[in-house]
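Chain by chain, the residues:
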Amino acid sequence: MRKLFLILFLLCVSYGTYANSMYFKIHEDGSFDIIGNSIKLINCYPHINNYSIKPLKIEVLKDDNIIKYYLKEGCLKLSFKYENNGLILKTEVDNGPINVSTISPVGKAQILGVKYSYSTPMNMNEPSGLRIWPKEKKELSSSVCGLVPSNGTSLIVSTRDYSKYNFSSTFFPLNHGEKEKFMSLSFQTEMVNFKSLPAIFFNEYISAYEGMKNEALKAAKVMNVNLNKNKSYHWCSWYYSYNFITEKKMHDYIEGFDKLSPRVPIQTIQIDEGYQPHVGDWLVPSQNFPQGIESTIKKILSHKYKAGIWIAPYIVGNESKLYKENPNWILHYNDGTPVNLWTFYDEKRLWGLEDREYYMLDTSNPDVMNYLRNVFRTFRNMGITYYKTDFMKFGAQPSNLVRRHTPGKTSVEYQRELFEMIRSEIGDESFWLGCISQFAPMVGYVDGMRIAGDISSNWAGTNAMFNQSKGCHHLNDVWWQNDPDAIILRNEYNNLNAEEVKTLALWMGMIGGVTNTSDLFHTIPKDRVDLFRFLEPSLKVSTINHPIIEKKFKTEVFVRNYTGQKSWGVLFVNRSSENIDENYSFRDLLDIDRNQLYHWDWDINRMEKIGLKSNVQVKLKPHESRLIYLSVSDAQPGKINLSGEKTGN
């Protein structure tokens, strides 16, 4: 019996939760506390439109764990439950609708014991990951967030149903520089009637990262995420040709790629922006593609690649045929002015096009939806099976601020209606990459998601990629494949030196998401082609990457576990402008005392055995990286690529 109890206890700890360790404390004035082992939320109280509610009456039913707040518009009811060693907070409305733009079941709660916030971004390139609690301006997290102490258990707060409302956690100090820390948990209801809101879950974990990932997994199950696609390994036209891509260039590139022997085993060739005469006129031939794109799609397919396309479905230019023929398809604000996304009244024109203004299509209009349906259906009939949909965040216009053709739903509901249509038209077999998007509404639809802004050909421009690939790693192979953006391999037109190119490529390959480039394989140096070959992902669909997020080292460290092999690849990266000389214990990296250590010279595909070690000394110049291989086995690993697959090279 004692042995059985010990096994059950260890299983509980391995998953990170502590049985019966948390509780609610409800007060007669309608406030409440959420008490954990290390973190406490005290003086919690509902807010509406960011202000504390002023109820006519408060009824506290402690035996039922219920608080009722009687308002002029109706009764707001909070229910508190214990489930699976965690806490659940539910919000409902009795006796009439409450029409508000924002409701915060937890408003301006004081947080005790916290040092760090752990954020899931609302949108691409917003603050993510483990961060010191803000001292000045507010910071937001969506759907899943963490409250992390200096020592002890982290409290993970999450919602799991993203089908109707945007949910946010707001972290802030009471006043600039003060020590008190506060947070609010809010749903954007956008003046749309509601009877109940998604539950909010509170759970404790030893590891903040594992807690964030575990809660994201639970949401993925609710949102019917299906990770059934191979890791994307493709070429995209944007970062080499930009909007100057032409039919002739595309045909020349494809012929050039096939001259390599063996050719680079990319799955897909994707045409990015530049094929259309105006944004919105997706099926109209342009001077760059006078025959339309179908002949180029046929060319791609005839060379045994999959074909991909870029599209920004929400946007339409003012000079487009679509806008001129259908000006009533545009979304307007409540005062009647159009939702103008961009204006270019002077010299600069977006993408070199003639449009001076860019508007947003109103997808609540059935005619708009039918138009877009035809676009995606036509693309699929051409044989396109890879779709990059860009600027998807524009669909998040709050319903209370705009005048829709068919009102009555939240912005998330309108977005997901569009996403449902797109997925049905492109088919389950197609790979769909979301870009510049709110994250939560796309869960369950896309196969990949851009997590950082456009990559740059200088070191300073790589910060977002580094930060977001680490900060969003709890979503990788959980909601989708994270896309850190294109890998720059070329020598010319590049401010990155050879070491920086290698460091960025190894990092982007190590995180195990979407892997792509826009550089021409037949014109770049052979060692750069070999580097991209080294990054070819495994066909196995599994999460095999573990980031060292909560441990502090001078370098950035990423550990990749080669499943079933009892071995690991470890990448050390010096992002700083200073030399680094540091000793790393394998106990700190892997919780394993001793391993067979190999220096991994990827460029000559050689493993140099160092021997059985408990640590490694790493010396790095600015922007340098070092790759090592660790194994429990004494057997020589042979030639493998970064994904752990054996190679014949």
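The structure under discussion appears in the preceding block.
**What about the overall build of the protein chain?**
Moving on, step 1. Scanning the protein chain from terminus to terminus reveals twelve helices and 38 strands.
Moving on, step 2. Rg of the C-alpha trace for the protein chain: 26 Å, near the compact-globule value of 26 Å for 649 residues, within the 12% margin.
Moving on, step 3. Projected onto the principal axes, the alpha-carbon positions of the protein chain cover approximately 75 × 70 × 45 Å.
Moving on, step 4. Here the analysis covers contacts within the protein chain between residues at least 6 apart in sequence; of these, 71% occur between residues at least 24 apart.
Moving on, step 5. Roughly 27,000 Å² of accessible area belongs to the protein chain as shown, and the carbon and sulfur atoms make up 49% of that amount.
Moving on, step 6. Taken together, the 75 basic and 71 acidic charged side chains of the protein chain have centroids lying 5 Å from each other.

**Notes on the packing of aromatic side chains**
Moving on, step 1. Throughout the structure, instances matching the rule amount to 44 aromatic pairs.
Moving on, step 2. Geometrically, the ring pair formed by F553 and Y584 is edge-to-face, given 5.3 Å between the ring centres and 65 degrees between the ring planes. Placement of the pair is F553 in the loop between β31 (545-547) and β32 (556-562) and Y584 in strand β34 (residues 580-585), with a sequence separation of 31 residues.
Moving on, step 3. For Y584, a relative accessible area of 1% gives the class buried.
Moving on, step 4. Look at Y562 and W600: their rings are 6.4 Å apart centre to centre, the planes differ by 70 degrees, and that puts the pair in the edge-to-face class. Residue Y562 is located in strand β32, and its partner W600 is located in strand β35 (residues 595-601); the two are separated by 38 residues in the primary sequence.
Moving on, step 5. By relative accessible area, Y562 is classed as buried at 1%.

**With respect to the pairing of strand β18 (residues 233-236)**
Moving on, step 1. Residues Y233 and W235 line one face of β18 and the alternating positions H234 and C236 line the opposite face, and both faces are buried.
Moving on, step 2. Where β18 meets strand β30 (residues 515-517), three bridges bridge the pair, whose relative direction is parallel. In the sheet register, Y233 faces β30, and the bridge partner there is T515.
Moving on, step 3. In the sheet, β18 pairs with strand β19 (residues 268-271) via three bridges, with the strands oriented parallel.

**Some remarks on the nonpolar core**
Moving on, step 1. Counting 132 residues, the largest nonpolar core has Y275, W282, F379 and W479 as its most contacted members.
Moving on, step 2. Looking at which element gives the most residues to this core, the answer is helix α7 (residues 366-382), with eight residues.
Moving on, step 3. Look past the residues within four positions of Y275 in its chain and what remains in contact with it is I245, W282, S286, F289, I293, I309, W310, I311 and F379.

The rules we used
Residues numbered from 1 in each chain as written. Predicted model: local features only at pLDDT ≥ 70, side-chain atom pairs only at ≥ 80, totals over all residues. Heavy atoms only, no water. Helix = DSSP H or I, 4+ residues; strand = E, 2+ residues; numbered from the N terminus. Rg over C-alpha atoms; globule rule 2.2 N^0.38 Å. Contact = heavy atoms within 4.5 Å. Areas by Shrake-Rupley, 256 points an atom, 1.4 Å probe, with all protein chains shown as cover. Lys, Arg positive; Asp, Glu negative; His and termini not counted. Charge placed at Lys NZ, Arg CZ, Asp CG, Glu CD. Phe/Tyr/Trp six-rings, centres within 6.5 Å; stacked < 30°, edge-to-face > 60°. Buried < 20%, exposed > 50% of the residue type's maximum accessible area, 1.4 Å probe, protein only. Pairing = 2+ DSSP bridges. Core = buried A, V, L, I, M, F, W, Y, C linked by side-chain atoms within 4.5 Å.

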